Amino acid sequence: MPNSALETAELKANKTEAVKMETTKINMSRVPLVNGGIDTALLKAHKPRVMSKSGHSNVRIDKVDGIYLLYLQDLWTTVIDMKWRYKLTLFAATFIMTWFLFGVIYYAIAFLHGDLEINKFTPKREPCVKNVDSLTGAFLFSLESQTTIGYGFRFITEECPHAIFLLVAQLVITTLIEIFITGTFLAKIARPKKRAETIKFSHCAVITKHNGELCLVIRVANMRKSLLIQCQLSGKLLQTYETKEGERILLNQASVKFNVDSSSESPFLILPLTFYHILDESSPLRDLTPQNLKEKDFELVVLLNATVESTSAVCQSRTSYIPDEIHWGYEFVPVVSLSPNGKYVADFSQFEKIRRSTDSIFYTVDSEKQKLEEKYRQEDQRERELRTMLLQQSNV
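In what follows, the accompanying structure is described. (Residues numbered from 1 in each chain as written. Predicted model: local features only at pLDDT ≥ 70, side-chain atom pairs only at ≥ 80, totals over all residues. Heavy atoms only, no water.)

## A few points about the packing of helix α5 (residues 135–146) against helix α6 (residues 161–190)
Two packed helices can be described by the angle between their axes and the distance between those axes. Two elements in contact, α5 and α6, have axes separated by 10 Å at closest approach and are oriented at 60 degrees. Judged on the interaxial angle alone, α6 and α5 are oblique. At the point where α5 passes α6, the crossing takes the right-handed sense. In this structure, α5 uses Ser142, Ser145 and Gln146 to contact α6, whose residues at the interface are Leu167, Gln170, Leu171, Thr174 and Glu178. Here the contact of α5 with α6 is composed, by residue class, of 2 nonpolar, 5 polar and 1 charged. (Axes fitted to C-alpha atoms, helices over the stretch in contact; angles between N-to-C directions. Helix = DSSP H or I, 4+ residues; strand = E, 2+ residues; numbered from the N terminus. Parallel < 35°, antiparallel > 145°, perpendicular 65-115°, else oblique. Left-handed = near helix turned anticlockwise from the far one by under 90°. Contact = heavy atoms within 4.5 Å. Nonpolar A, V, L, I, M, F, W, Y, C, P; charged D, E, K, R; others polar.)

Given below as structure tokens:
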């Protein structure tokens, strides 16, 4: 009797679950939207990432012999990659140091020539530099010469050829330094790095059905009106891999191809676009299931390469997704609509929102089990049809 009661209770619970499942299928339009960023607080603590969500590398280069020499050998790139506060400090320090350095040399020339002994000057004796009788005066003469201010109070004379040579050397050397620093400023400003920051990726990715195929889906948008041409989106799957020889590769890279509406052509990124990666037999993510998705340990790095139309500079925008940021059985909410006045409108308040997929395969506890049950039902149906045909033939 107790067993019968337990069976009855389980049967009622299964019926209740089935009713809930059917209600979910019927009232799919009433399912509340899910914000793509709502699960950020539930992410695993201190989850290691190679690439941050903003596209910055989290890899630290350590214990490299002669690393400072390597940076000095490529001084142009080193200065361009500097942060602005360090670059402005270097800019100011370079000028002040050259003014002071050449000022000290001018002061030494004046000292050796005896120009500082003003009281001993004879009317016929000319100093190397007029009105330079202290280190401060020499510094001001160096500053005025290098910046071509030319007040006229301090000026060089024909008395000392080596002072004239020093003045020429100062102007040549400091001009080259100014060209270098100004060039690095222009190169840093003209870099398409800021343009890449106006490319927006969805915070999460979803796995849903598209054109009958199971796909990993992400969303990308261009936040400026200026176009990006020759856009190419690709992905790299980073995960631990062990070879047949037992070698353990900590960050093995596998290519992940993305298409726009099953097309590999360069997309026209004027409106928010949805990119698809088909989870077929050739996909490195083919082993993903609803049960093991959150247990997997991988990182999907997504890269978008494009050419800025206004400057023809090539920019790259990056982001990454970990298993906690991939939602199985969801789809993105449409963001593009047509306004009453005939214009296309992209509503970015819906950009990060996702909702349950309308495909019933995602609402089962085990999708593989459902596939097998469907296969068995189809085989049973064919067997019944075959028996019916044989019975009809035998009756004839």
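## A closer look at the nonpolar core
Counting residues in hydrophobic clusters, the biggest one holds 33 residues, and the most contacted among them are Leu216, Ile218, Val220, Leu233 and Phe258. If one sorts the elements of this core by residue count, strand β8 (residues 298–308) sits on top with 6 residues. Those residues within four positions of Leu233 in sequence are excluded, and the remaining contacts are Phe201, Ile218, Val220, Phe258, Phe275, Val302, Leu303 and Leu304. (Core = buried A, V, L, I, M, F, W, Y, C linked by side-chain atoms within 4.5 Å. Buried < 20%, exposed > 50% of the residue type's maximum accessible area, 1.4 Å probe, protein only.)

## Quick look at helix α4 (residues 84–113)
Residues spaced three or four apart along an α-helix face the same direction, because each turn holds 3.6 residues. End to end, α4 covers 44 Å across 30 residues, agreeing with the expected 44 Å (1.5 Å per residue, within 8%). Restricting attention to buried positions, one finds in α4 the residues Lys87, Thr94, Phe95, Thr98, Trp99, Phe102, Gly103, Tyr106, Ile109, Ala110 and His113. Taken together, the buried residues of α4 touch α3 (75–80), α5 and α6. Looking at the residues trailing α4, positive phi occurs at Gly114, about 85 degrees. (Expected span 1.5 Å × (residues − 1).)

## Overview of the packing of α4 against α6
The geometry of α4 relative to α6 is characterised by a closest axis approach of 11 Å and an angle of 180 degrees between their N-to-C directions. Relative to α6, the element α4 is oriented roughly antiparallel. Broken down by class, the residue content of the contact of α4 with α6 amounts to 16 nonpolar, 6 polar and 3 charged.

## Structural notes on the sheet that holds β8
By way of backbone hydrogen bonds, the strands of a sheet pair with one another, either parallel or antiparallel. What the 4 strands build is an open sheet, ordered β6-β5-β8-β9; its pairing is antiparallel. In this open sheet, the two edge strands, each paired with only one partner strand, are β6 (248–257) and β9 (314–321). When strand polarity is set aside, the average angle formed by the axes of neighbouring strands in this sheet is 25 degrees. One ladder, built from 8 bridges, connects strand β5 (residues 228–242) with β6; its direction is antiparallel. In the strand pairing of β6, Gln239 is matched with Asn252. (Pairing = 2+ DSSP bridges.)

## Details of the pairing of β5
Bridge count for β5 against β8 is 10 bridges, and the pairing is antiparallel. The residue bridging Gln239 from the neighbouring strand is Phe298, located in β8.

Shape descriptors only; they carry no functional weight alone.
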